[in-house]
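# Geometric and topological summary
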Amino acid sequence: MTFMNNTANIKQFQLIKFINENCDDDHAISKITIVLRRDKIEAPYYMITKISLSSCIDKPDNGVIHAMDMLNHTRRHNLTEDTYNEIKSLITDNTHESDLVKISKKESQLNMVLMSRNDEEFSNLFKNYGELFDKIDNLVD
């Protein structure tokens, strides 16, 4: 069971950064979804993170030739009210929506989706949202 205990503590954003920096494929696509919720009775402050990394080869005239999922990862967190508010603040105060970053809000839910289609966009996500990613990774010890 030692293996299972160690794998549960993987820092998810550090992992995808490592994969991207050590992958020879310049056309790795990432999608990161962060969902903050405060509507559950048993866990009033809750977060789900979903990370997908894919690699694909495409041609402008023929569309996608093939795509391969390299990683699909989901993690669920019960949060304290303070941690919830810190993460919410990092998302709402420091985010500028674009075609690669989308935020949607409901009364009890905040969704953030970040996309990258190449190494440069991926590096920019980590430069712009590194504090948010570190905050989430540091929830796991």
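Cut-offs and rules
- Residues numbered from 1 in each chain as written.
- Predicted model: local features only at pLDDT ≥ 70, side-chain atom pairs only at ≥ 80, totals over all residues.
- Heavy atoms only, no water.
- Salt bridge = Lys/Arg side-chain N within 4 Å of Asp/Glu carboxyl O.
- Helix = DSSP H or I, 4+ residues; strand = E, 2+ residues; numbered from the N terminus.
- Buried < 20%, exposed > 50% of the residue type's maximum accessible area, 1.4 Å probe, protein only.
- Pairing = 2+ DSSP bridges.
- pLDDT = per-residue confidence, 0-100.

So, about the pattern of salt bridges. Taken as a whole, this structure holds four salt bridges when the rule is applied. Across the pair Asp39 and Arg37 runs a salt bridge, and its minimum N-O distance is 2.9 Å. Between Lys135 and Glu86 there is a salt bridge, with the nearest N and O atoms lying 2.6 Å from each other. Here Lys135, found in helix H4 (residues 119–137), pairs with Glu86, found in helix H3 (residues 81–94); they are 49 residues apart in sequence, far enough to count as distant. On the basis of relative accessibility, which here comes to 38%, the residue Glu86 falls in the partly exposed class. One network of salt bridges, in which partners are shared, links Asp99, Arg117 and Glu121.

In terms of strand pairing, strand E4 (residues 101–106) meets strand E5 (residues 109–116) through six bridges, oriented antiparallel. Residue pairing for E5: Val101 is matched across the bridge by Leu114. Following E4, the chain reverses through two residues before pairing antiparallel with E5.

Reading fine detail from the predicted coordinates is not recommended where pLDDT is low. Averaged over the protein, the pLDDT score is 83; the fraction of residues at 70 or greater is 84%. The weakest mean pLDDT in the protein belongs to helix H1 (residues 2–7) at 50; the strongest belongs to E5 at 93.

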